[in-house]
Amino acid sequence: MFRNLLIADSGSGHVEEMVRMLQDIPSLKSARVNVLHVVPEQAKSEADDHRSSAEVMLKEAIDRMGLNSGNVNLMVRDGDAKQTVLKVAEEVNSDLIVMGSRGLGRLQSILANSTSQYVFQLSTRPMLLVRDDLYVRHVNRVMVTVDGTGVGDDAIRVACELVREIPGGTLTGIHVTRQDISPTRGGRSKADDVLDAAVQRARGYGIELQPIHVTGSDIGRTVCRAAQEAKADLLVIASQDRRPLVARGLVDLDKLLGGSVSDYIRVHAPTPVLLVREPERN
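Cut-offs used in this document
Residues numbered from 1 in each chain as written. Predicted model: local features only at pLDDT ≥ 70, side-chain atom pairs only at ≥ 80, totals over all residues. Heavy atoms only, no water. Core = buried A, V, L, I, M, F, W, Y, C linked by side-chain atoms within 4.5 Å. Buried < 20%, exposed > 50% of the residue type's maximum accessible area, 1.4 Å probe, protein only. Helix = DSSP H or I, 4+ residues; strand = E, 2+ residues; numbered from the N terminus. Contact = heavy atoms within 4.5 Å. Expected span 1.5 Å × (residues − 1). Arc of directions from axis to C-beta. Salt bridge = Lys/Arg side-chain N within 4 Å of Asp/Glu carboxyl O. Axes fitted to C-alpha atoms, helices over the stretch in contact; angles between N-to-C directions. Left-handed = near helix turned anticlockwise from the far one by under 90°. Nonpolar A, V, L, I, M, F, W, Y, C, P; charged D, E, K, R; others polar. pLDDT = per-residue confidence, 0-100.

> Whenever I open this one, the nonpolar core confuses me. Can you help?
As a rule of thumb, soluble globular proteins bury nonpolar side chains together. Counting 48 residues, the largest nonpolar core has Ile7, Leu67, Leu128, Val144, Leu171, Val236 and Leu274 as its most contacted members. With 7 residues, the single largest contributor to this core is helix 7 (residues 153-164). Leaving out residues up to four positions away in the same chain, Ile7 has contacts with Val15, Val19, Val33, Asn34, Val35, Leu36, Met65 and Val98.

The following block contains the structure:
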């Protein structure tokens, strides 16, 4: 599953709480952990003081998170936080980025120069986002979105691999349609077929997925409401990487200001969100 984590320090204890919870999952407990703090560009004398205090702060954070120091790589870097997180993720070949977020909306995030929003949109790697205003619980009830177009297969795999390591863990798959789907002559609908395929895929990983079909005009809002009603502890979603290589250095304003389902869920989900980035399908 995840063997090489990058924890990007946000100054919030919620990320630390989430990491402590993840220590209950055997494969994550033994994962290599890179803990990053970025020193903003400033006068050299101030930067030196900031760097020294950051090193002490990171060592204290490791103790609070209950990490095995032998598996931890402390990293203090200078520069712009947004670009540095993306650069370090590539450098260490991280297979999961863990970050905190203030839960700002799309336009607010742009105006506030939000690091987590920037990384959320531009990283090609899986990302676990923990909002500052969430109460973080032990991960037992996992919910995964089921798309039905082929996007989300990797999300189902990741969700199953997580649940498989959680004693008593459960997995719910939610498929949202914008309108009621009329059943066919046999009494089944397309949504039934989509969810049946997800159930079979989960069984291939040894997990029983509980399927839910919900109708809603706003997919993001409907997913968040379902996660609240199911009392999910973690929401796993998938998003295609549609950005051409030349555009990956820029924030996709159309996606940020448009109707991005993943971005709505990032802001409003009642749980931490694990985004699994998938390649665009032709």
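> What is the right way to read helix 8 (residues 190-204) from this model?
One turn of an α-helix holds 3.6 residues; hence residues three or four places apart share an orientation. When the terminal C-alpha atoms of helix 8 are compared, their 22 Å separation across 15 residues agrees well with the 21 Å that a helix rising 1.5 Å per residue should span. Taken as a whole, helix 8 has its buried residues at Ala191, Val194, Leu195, Ala198, Val199 and Ala202. When helix 8 is viewed along its axis, its buried side chains cluster within an angular range of 135 degrees and face the same direction. Helix 8 presents Lys190 and Gly204 as exposed residues on the side facing more than 90 degrees away from its buried surface. In this structure, the buried side of helix 8 is in contact with helix 7, strand 7 (170-177) and strand 8 (209-215). Positioned one or two residues after helix 8, Gly206 has a phi angle of 80 degrees, which is positive.

> For this particular structure, what's the right way to read the pattern of salt bridges?
Oppositely charged side chains may form a pair once their charged atoms are brought near each other. For the coordinates displayed, the defined rule picks out 11 salt bridges. With a shortest N-O distance of 2.8 Å, Asp233 and Arg137 are connected by a salt bridge. On the criterion of sequence distance, the pair formed by Asp233 in the loop between helix 9 (219-229) and strand 9 (234-241) and Arg137 in the loop between strand 5 (127-131) and strand 6 (141-145) is long-range, its members being 96 residues apart. Its salt-bridge partner being Arg141, residue Asp233 comes within 3.6 Å of it at the nearest N-O pair. Remark: Arg141 occurs in strand 6 and Asp233 occurs in the loop between helix 9 and strand 9; sequence separation between them is 92 residues. Residue classification places Arg141 among the partly exposed residues on the basis of a relative accessible area of 35%. Through salt bridges with shared partners, a single network forms among Arg137, Arg141 and Asp233.

> Even after reading the chapter, I still don't get the environment of Gln179, so can you show me in this structure?
The topology assignment puts Gln179 in the loop between strand 7 and helix 8. Exposure remark for Gln179: the relative accessible area of 60% places this residue in the exposed category.

> Got a minute to help me understand the packing of helix 6 (residues 115-122) against helix 11 (residues 261-268) in this structure?
Relative placement of two packed helices is described by the angle separating their axes and the distance separating the axes. Contact geometry for helix 6 and helix 11: axes closest at 11 Å, N-to-C directions at 145 degrees. Regarding helix 6 and helix 11, the two cross each other, and that crossing is right-handed. Along its contact with helix 6, which presents Gln117, Phe120 and Gln121, the element helix 11 presents Ser262, Asp263 and Arg266. In the contact of helix 6 with helix 11, the residues fall into 1 nonpolar, 3 polar and 2 charged.

> Can you help me understand the confidence of the model for the protein in this one?
Keep in mind that low pLDDT regions are not for reading the predicted coordinates in detail. Overall, the prediction assigns the protein a mean pLDDT of 81, with 79% of residues at 70 or greater. Helix 5 (residues 106-111) is the least confidently modelled element of the protein, averaging 42 in pLDDT, while strand 6 averages 97, the highest of any element. Below a pLDDT of 50 lies the segment residues 104-113, which in the model reaches 23 contacts outside its immediate sequence neighbourhood of four places, other chains included. Counting contacts from residues 242-259, a segment whose pLDDT is below 50, to residues more than four positions away or on other chains yields 35 contacts.

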